[in-house]
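An overview of the molecular structure
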Amino acid sequence: MGAKLSTKRKKKRQQQQWQQQQLQLFQQLEQLQQLQELEQLQQLQQFQQFEQLQQLQQPRQFIEATLSYYEDFYGSSYGIYDAYDAHNANGEKCYDPLDQTLTFVDGEDDLDFECNDYKSLRAKMSCGHAVTPMSLTSWCRRLLDEGECKFVCGQTNCDVQWSFDEVCKMALLTPQEKDHFEKKLFSNAAKRHLNIKTCPGCKSQVWRTDLTNLNVECTVCSAAKNKTYRFCWQCLNEWKGPAPRSDRCDNRDCQSPLHILKSCPAVVFNDVKGVRGCPSIRACPDCGLLVEHNKNQCKSMTCPRCKLKFCFVCLEVTDRCLRQYPYDPCPGGVAPRQTSIPVWKT
């Protein structure tokens, strides 16, 4: 009797355990079904968001939305770099879309004067104008090639000067470009503000301390040759003849500025009419640098050293002559050959 009762209890316990297992299995199936439905919903949301991304036209909107898409569903935004890396692979410098130190803007590239249509995002300079790394590099290189020793915005009526650090950052200058820019800045500044020239022997920069003496020593060459090396400040050849002198050395091709002004031939303009007997070389009325007209276009001349704009024919500043008579004879006629060199007061 006791054995039968024990057997019934055992079967009842097993039945209860089986029912409990079935309930747990059913609950697990329900949870799995809920997860599958949630996953399908997420996939649908992803697809809908991706369709919205494709409809966005503005580059910045597309990138911001794509970044959000990758961050939300994949935990990272590396996918956005596909196009970014593709442009860099083609040699075009592009801004990093994740660079939070830049202010990205929609619109035109304000320094793309050659209409190259660079693909990078546009970022705002300190002056408020939008640039790309390539357009900014090209503009600053142009300024340096023109003899400038500072970086100024190229937009009309904007004379904001950018610092070298800002240009390095916004133009994404490579180490080679940065080195070239630094050397060019120093060279331009030296030519404009200091009495510095390049030694014809070693190509180092030499500073002339005595402005009345054309005989100048290069200490670098003197040390290398174990003897004093001197060159002519005027013709840039190794010095010949007695020294000191202020007019010329004894090299055949060394001519004093006054002699050049006196003996140079007359210029025949291609576009300016009715001008006769104008010397082909003039001394800048402001700093005294000798300049030569290229015979083309109007009478205007911009001194590469002091940047004075003056009329090559009558030697008046631009505001007094060229605004009314850019291609016609000057009211005051042709200025005579100069017999003295103006001294630049920096």
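Let me begin by describing the structure that accompanies this report. Remember, predicted model here, so these are calculated numbers, not experimental data.

1. Some details on the overall build of the protein chain
The number of helices and strands found in the protein chain is 9 helices and 13 strands. Scored against the burial criterion, the 346 residues of the protein chain give a buried share of 32%. The contacts in the protein chain between residues at least 6 apart in sequence include a share of 45% that link residues at least 24 apart.

2. Re the environment of tryptophan 344
Mapped onto the elements, tryptophan 344 comes out in the segment after α9 (318–321). According to the relative accessible area criterion, tryptophan 344 is partly exposed, its value standing at 23%. The spacing of tryptophan 344 and cysteine 287 is 57 residues in sequence and 3.9 Å in space, taken between C-alpha atoms.

3. Regarding the nonpolar core
Residues Leu136, Phe151, Trp162 and Val167 are the most contacted members of the largest nonpolar core, which totals 25 residues. Of all the secondary-structure elements, those providing two or more residues to this core are α4 (133–145), α5 (164–170) and α6 (175–193). Looking at which element gives the most residues to this core, the answer is α4, with 5 residues. For tryptophan 162, the residues in contact, after removing those within four places along its chain, are Leu111, Met125, Ser126, Cys127, Leu136, Trp139, Cys140, Phe151, Val152, Cys153, Gly154 and Val167. With 20 residues, the next largest nonpolar core counts Val275, Met301, Cys311 and Cys321 among its residues.

4. A closer look at α4
Taking 1.5 Å per residue as the helical rise, α4 with its 13 residues ought to reach 18 Å, and the 18 Å between its terminal C-alpha atoms agrees with that figure. Listed as buried for α4 are Pro133, Ser135, Leu136, Thr137, Trp139, Cys140, Leu143 and Leu144. Within two residues after α4, glycine 147 carries a phi angle of roughly 95 degrees, on the positive side.

Calculation notes
Residues numbered from 1 in each chain as written. Predicted model: local features only at pLDDT ≥ 70, side-chain atom pairs only at ≥ 80, totals over all residues. Heavy atoms only, no water. Helix = DSSP H or I, 4+ residues; strand = E, 2+ residues; numbered from the N terminus. Buried < 20%, exposed > 50% of the residue type's maximum accessible area, 1.4 Å probe, protein only. Contact = heavy atoms within 4.5 Å. Core = buried A, V, L, I, M, F, W, Y, C linked by side-chain atoms within 4.5 Å. Expected span 1.5 Å × (residues − 1).

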